[in-house]
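Examining the three-dimensional arrangement
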Amino acid sequence: MTPKPKTPIARPGAHPASGRAPALLLRGIDKSFDGHRALQGASFRLGWGEVHALVGENGAGKSTIMNVATAVYAADAGEVIVDGRDVPLRGPADAMAAGLGMVHQHFRLVGSFTVAENVALALRGAGNNVTLPEAARLLSDRADELGFRLDAGARIDELSIAERQRAEILKVLLLGAGILILDEPTAVLTAEEARALLTLVRALAREGHAVVLITHKLREVAAYSDRITVMRQGRTVLDAAPSEGLDMGEVARLAVGEMPPTPPRVTARPGAPLLRIAGLSARRADGSPALDGLALDLAEGEVLGIAGVGGNGQSELVDLLSGLRRPDAGTIRLGPHDLVGASPARRRAEGLRVIPADRFDSAMAPGLTLAENLALTGVSSGRFGSRWLLDRARMRREAERLIAANEGRGGGPGTKAALLSGGNAQKLLLAREVSSDARLLVAHSPSRGLDLRATQAVHQAIADGVARGMACLLISEDLEEIMSLSSRVCAINNGRLSAPMPVAEVTPERLGALLVGHA
Amino acid sequence: MLEGALLIRRQRVPLGLWGATYAAGLVFGLALAALILVRLGVPAPALWQEFVVQTFLTSQGLGQTVTAMIPLVLVGLGTALAMRVQFWNIGIEGQLWLGAMAATWVSLHDIGPAALRLPLMLALSMLAGAFWIALPLALKLLWGVSEVISTLLLGSIAFFWVQHQLFGAWRDTATGFPTSPTLDAVERLPLLGWGQVHAGLWLALGAVALAALVIGVTRLGFYARAVGENRRAARAAGLPVLLIVCSFVLGAGALCGLAGAVIVTGTEFRLSQSIGAGYLFSGIVIAYLARSNPLAVLVVSFLLGGLYTAGGVLKVFYGISEAMVLLVQGVVLLSVLAAQLFADFRVETRRAA
């Protein structure tokens, strides 16, 4: 039994920036998961007062090495030295007591608690028996010092994602973290929110904190970082400062292994009208309107981008189109047919294909093999056996063909889909959905969470389908994705859709105004 | 010094390891059970004799074990099939009672020609079981009522119904006991000439073979797996989800109903209040241990049948109380279940430097 750590409350200047051992030093770290070598002699060096970007593709080992640093994982080999002290960390609580705080992609906050209650919970858990008013005061004082406002009495599930993130960061700081590790912090934020976060991070570094930004959006964080470490396939391949004249193209090359192919160009040749949605309305479970009289038109060979902050009706729209739920009102006409009452099977037969935001929510089953997942939509057509019997050999051959065509790594036909990296799984899902008989593809955030190379493969697959005359409804929070693929763009806000505008006329200002509903 | 241990989930479980953990759990549980029984005064040499020799190695003992296994296979399969489509058929007992009642009803009223009496009893028991599971299925599909609760409660209702019949219209007037009159010879499953083993064995084996075939090689079986693994994805892919769920769940109820009829027509030859004893939770235990695999259901049921047989011997010949027999059986099952931890996870110990 170790003594309960007495949690210090971090104050500005608690960690002088110079003349000290590095804040965090990781050397020769090996870590395997069941034979898969996630880290191979990886290293990482973090100085006090430094913002350090940790960059690499999915599966490069970024999160793994930071989970080793915070003792979530035990390394197979190597040393972890925090602030010059080689103290063994036996678990996340030890790491926290040593001043290492990690803000995970999925926040560790209790949704039904207020911000102050969450902070009090965490502090008490660390042996610091604060009262609720004390926690609230600590919170607002610390927020003031950092120059933002956060309502300590607000319930977490009433806050926006960006506010929750700030609450989590404050919580970790109040727990005494001198070293702050943020895992993909900008992935869930809008461009505006991301800038605010990175400004906050710089302020923390000025106070003397050491900050790690785990990210694959290199461009976004480079300007805010003092140093950049690049990881690739479990090894550290670069540790350098942008101020030393670092070539960002070189960094990207190191991260990916070679220059990624140029992004696809979609040449829109809108043909005959295909999809016409009118007056589409639906309510959420709590009765609030999710979609409110939504209308749009889409022609063959055209990509219509729907930009918007998540939770404005996008998921409901996707479910209505795939047939997983029924609208309260409205029509969905695909060619001559109204699909509102049609089953998902009927819609698929009409050439409707869907890539949902979370592929394991409604597209693939994590517990089924790749061969099974890839055959899921084709069995009913008789492609994989008769009406009664299943032809597993044919399923296997088809899976092998698709995996080979997509340069699939990390799995064969018999591999469970859950074991595949996000990029590989998404590529295979696209291969399944964007088949030759696909007439309309509804793609919801198709590249979310994917690295550059996988993103481009996904975009290429969409572009190829569109070149064949397929129409695509692209729903995304990633404006870059919307702009690079769409021929027309509209914004969704609070269940309403703005009038579409040609992509050439879209400016960030115009779109931004539409997204927050001021236009 | 051991400082602590980490559990690391295995990405996939090798088949050999899976078997080894089962065996190890079984051995550990039996050793623990032996310890308890020796403390209770059963001589140690007799344990080997009763648990191994008399239950598995002699023809007579093996016959008893196989007889006990037959209904276990059917209820285990009934739970496993429902589990495949994420329907937790906890209250199999209700379907078992309904099946037993349906068979008894046919017998009491001498329905149909004598030659068709037995097939009619079995068929009607399957219908009755399917009907009894259709209620919680409808509740779940229409209003999202949890089947864990509704199947259990319907189990109690079915039992009260049985009591109502046995203390009322169906009471055996010859004895006055609350049991139905004994079945006529044509209403009994024929014996196979090996102890008490009856033709229900063929029904059980046939059900296993059919279930294994459906799950392994048919389109329906594949669809059921997809529904079980991700129902929303199955719906979005255009699979007939409702049809798949209904056919598997109703099939499960039918098998449990058949189990009731097999007990009545194969071993008891009358309906009594005690024929369902011991089956309440055996379905879920078997299905879980077998991971919903029909062939594994057969193996697990066989071992569990042995455990029941040995338990009966302990009660009769060594005066061990019913509670202690349940305790011993529980210890063995719990050991086997707990041993699964070592198949699903790798244990990594850490030592202080």
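Residues numbered from 1 in each chain as written. Chains lettered and ligands numbered in written order. Predicted model: local features only at pLDDT ≥ 70, side-chain atom pairs only at ≥ 80, totals over all residues.

A few points about the overall build of chain A
Looking only at helices and strands, chain A has 17 helices and 20 strands in total. The C-alpha atoms of chain A give a radius of gyration of 25 Å, which matches the 24 Å a tight globule of 519 residues would have. The principal-axis extents of the C-alpha atoms in chain A amount to approximately 70 × 50 × 45 Å. (Helix = DSSP H or I, 4+ residues; strand = E, 2+ residues; numbered from the N terminus. Rg over C-alpha atoms; globule rule 2.2 N^0.38 Å.)

Description of the domain arrangement of chain A
Residues and elements named next belong to chain A. Taken domain by domain, chain A consists of domain 1 (24-99 + 178-256), domain 2 (108-159 + 170-175) and domain 3 (273-360 + 438-515). Centre-to-centre separation of domain 1 and domain 3, based on C-alpha positions: 35 Å. On the side of domain 3, 6 residues touch domain 1, which itself brings 6 residues to the contact. When the residues that make up the side of domain 1 that touches domain 3 are grouped by side-chain class, the tally is 2 nonpolar, 3 polar and 1 charged. (Domains from an automatic or database assignment. Contact = placed C-beta atoms within 7 Å. Nonpolar A, V, L, I, M, F, W, Y, C, P; charged D, E, K, R; others polar.)

Some points on the nonpolar core
One finds L74(B) and V297(B) to be the most contacted residues of the largest nonpolar core, which totals 179 residues. Residue contributions to this core peak at 16 residues, all from helix α10 (residues 241-268) of chain B. Among residues more than four places away in sequence, those in contact with L74(B) are A204(B), A207(B), L255(B), C256(B), L258(B), A259(B) and V262(B). If you look at the next biggest cluster of nonpolar residues, it comprises 75 residues, including V55(A), V80(A), A97(A) and L100(A). (Core = buried A, V, L, I, M, F, W, Y, C linked by C-beta atoms within 7 Å. Buried ≥ 20, exposed ≤ 12 C-beta atoms within 10 Å, placed from the backbone.)

What about the pairing of strand β2 (residues 191-194) of chain B?
All names here are of chain B. Across 2 bridges, the pairing between β2 and strand β3 (residues 197-198) is antiparallel. Across the sheet, residue L191 finds its bridge partner in β3, namely H198. The turn joining β2 and β3, which pair antiparallel and follow one another in sequence, is formed by 2 residues; a positive phi near 55° is taken by G195. (Pairing = 2+ DSSP bridges.)

A short note on the interface of chain B and chain A
The parts lose accessible area when they come together, and the size of an interface is often stated as this lost area. The interface of chain B with chain A comprises 21 residues on the first partner and 29 residues on the second. Looking at the side of chain B that touches chain A, the elements that each hand over two or more residues are β1 (2-9), α8 (219-229) and α9 (231-236) of chain B. Element by element, the count of residues in the side of chain B that touches chain A is highest for α8(B), at 5 residues.

A closer look at the packing of helix α1 (residues 15-39) of chain B against helix α13 (residues 322-344) of chain B
Residue and element names in this part refer to chain B. Where α1 meets α13, the closest approach of the two axes is 7 Å, and the angle between their N-to-C directions is 150°. Considering the angle they form, α1 stands roughly antiparallel to α13. Judged by the twist between their axes, the crossing of α1 over α13 is right-handed. In terms of residue class, the contact of α1 with α13 is made up of 20 nonpolar, 5 polar and no charged. (Axes fitted to C-alpha atoms, helices over the stretch in contact; angles between N-to-C directions. Parallel < 35°, antiparallel > 145°, perpendicular 65-115°, else oblique. Left-handed = near helix turned anticlockwise from the far one by under 90°.)

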